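Letter by letter, the chains look like this.
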Amino acid sequence: MKKILFALVILIFATSCSSTKKTIQKSTSSVVSSDFYKNQFVGLLVLDPETNDTLYTHQSEKYFTPASNTKIFTLFASLQLLPENVPALKYTVENNTLYVQGTGDPSFLHPHFEDRTAFNFLKKYNTIVFDLNNLEDEKLGQGWAWDDYQYYYQPEITPLPLYGNVTSISNTNGLNVTPDLFKEAVVRTWYKKNRELEHNTFYFSPSRKDTIEIPYRTDSVLTRQLLESALNKKITLSKQLIPGEKEILYGQPSDSLYVRMMHESDNFIAEQLLVLSSSTLSDTLSGKKTRKYILENKLADLRQPPRWVDGSGLSRYNLFSPESMVAVLNKIYRNVPKQRLFSIFPESGVSGTLETWDYDGGYPKLYAKSGSLSNNYCLSGYLITKTGKTLIFSFMNNHYQQSTSEVKKRIQQVLRQIADSY
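Quick caveat, the model's predicted, so the values are computed rather than measured. (Residues numbered from 1 in each chain as written. Predicted model: local features only at pLDDT ≥ 70, side-chain atom pairs only at ≥ 80, totals over all residues. Heavy atoms only, no water.)

1. A few points about the overall build of the chain
Here's step 1: Helix and strand content of the chain: 10 helices and 15 strands.
Here's step 2: The C-alpha radius of gyration computed for the chain amounts to 24 Å, which stays within 12% of the reference 22 Å derived for 422 residues, consistent with globular compactness.
Here's step 3: Taken along the three principal axes of its C-alpha coordinates, the chain extends 85 × 50 × 35 Å.
Here's step 4: For the chain, the proportion of its 422 residues judged to be buried stands at 54%.
Here's step 5: Of the contacts made within the chain by residues no fewer than 6 positions apart, 67% connect residues no fewer than 24 positions apart.
Here's step 6: When the accessible surface of the chain is split by element, carbon and sulfur atoms take 48% of a total near 19700 Å².
Here's step 7: Between the mean site of the 47 positive side-chain charges and the mean site of the 42 negative ones, the chain shows a separation of 4 Å. (Helix = DSSP H or I, 4+ residues; strand = E, 2+ residues; numbered from the N terminus. Rg over C-alpha atoms; globule rule 2.2 N^0.38 Å. Buried < 20%, exposed > 50% of the residue type's maximum accessible area, 1.4 Å probe, protein only. Contact = heavy atoms within 4.5 Å. Areas by Shrake-Rupley, 256 points an atom, 1.4 Å probe, with all protein chains shown as cover. Lys, Arg positive; Asp, Glu negative; His and termini not counted. Charge placed at Lys NZ, Arg CZ, Asp CG, Glu CD.)

2. Some words on the environment of Trp190
Here's step 1: Note on placement: Trp190 falls in the loop between strand 8 (186-187) and strand 9 (202-203).
Here's step 2: Under the relative-accessibility criterion, Trp190 is labelled exposed at 66%.
Here's step 3: In this view, Trp190 contacts Ser205 and Pro206; residues no more than four positions away in its chain are not counted.

3. Focus: the packing of helix 2 (residues 70-81) against helix 6 (residues 267-278)
If you want to describe how two helices pack, look at the angle between their axes and the distance between the axes.
Here's step 1: In the contact formed by helix 2 and helix 6, the axes pass within 9 Å of each other and the chain directions differ by 35°. Considering the relative orientation of helix 2 and helix 6, their crossing is left-handed. Within the contact between the two elements, helix 2 uses Lys71, Thr74, Ala77, Ser78 and Leu81 and helix 6 uses Asn267, Ala270, Leu273, Leu274 and Ser277.
Here's step 2: Here the contact of helix 2 with helix 6 is composed, by residue class, of 5 nonpolar, 4 polar and 1 charged. (Axes fitted to C-alpha atoms, helices over the stretch in contact; angles between N-to-C directions. Left-handed = near helix turned anticlockwise from the far one by under 90°. Nonpolar A, V, L, I, M, F, W, Y, C, P; charged D, E, K, R; others polar.)

4. What to know about empty space enclosed by the protein
Here's step 1: Applying the stated criterion to the full structure yields 2 cavities of 30 Å³ or more.
Here's step 2: The volume enclosed by the largest cavity comes to roughly 60 Å³.
Here's step 3: What lines the largest cavity is Ala88, Asp105, Ser107, Phe108, Asp115, Arg116, Thr117, Ala118, Phe119, Gly251 and Gln252.
Here's step 4: Sorting the residues of the lining of the largest cavity by element identifies helix 3 (117-123) and strand 12 (247-253) as the ones contributing at least two each. (1 Å grid on protein atoms, 1.4 Å probe; cavity = no way out; pocket = protein on both sides within 12 Å on 5 of 7 lines; lining within 4 Å. Points joined across faces, edges and corners; volume = space filled by probe spheres on them.)

What follows is the structure, given as structure tokens:
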């Protein structure tokens, strides 16, 4: 009798699950198959990670331009390779001389981070030699728009970033420039450019009242000058790699970098995190090396191996499938405690790029990463349903000519229907 009752319970449960799944598939297909999507590309995958059941799929094996959804892969790589606190510097001391290598740590003298571990460490030494020759990558990523060099979201990639590799200019009670070394390089006039292409001449309108961040053109001599100005001491540059075993100085909590990357969609932090991660593999810094290592050693099981060319998603050369996005999100979900994980992702109606995301009655609650380029919008992450279950989804939209707000409305409609049903 007990066996019969147990079998009946299983049958009822299976029937209920099947019915729910059919409801989701019907309601979602009615949106995804509508005329709105007729002349664009859309892919969607929704997974229940507890049962490993696919609740809905539509072109989820196809490749899409992910935009800043690429940062999900960068987060995964960082979680795999970086310790609790970031490796701020590699160094050795010989005959009272401090020899230092950069690790790519983006937090050094960054205006949004308070940790001063590296700065205070350097202040203790009178004779300092820096090796700034250990980065293999180019300053700008493959496939980046060349004319975006002057905008805050595309700073250069360096082995020892300073001040976020941007110049901050404001006009509050007089002209304020950080770093101060660039104050004489600011021309107070209206001009269509923020900065000259080949050199550090910046343009700032006298009528501006906000703060503008402009990437500066980097080189080793300028880095030395900025360090000397900040530390108020002489710095020597080495033309050779620092020999021998090196110690590692740990600084900023790694999660603080992840939160800024994901909440603010900070491209600079994303690129430097891949460089920083490579410092745990060898002394030679390379985001490309990190991507190769992760794809070959941690993500070899992906059924659609991505074309992954940068950390931020600025490049249109990136190609990822919704299935790959969900697979990586699932790996993160299974290995990172939920409270920590959800604090790293933007929360709908609360934080980051989802702060203005509209939702009713507290659901569908999202912890997700958005990604946008012209005519492309993607959203991937975690969906909390009305019953409190966590689902993993990736909704990728490419090559539309409608407004992005209309695309978002349909994403929200689909996710709300799923949250209501499951």
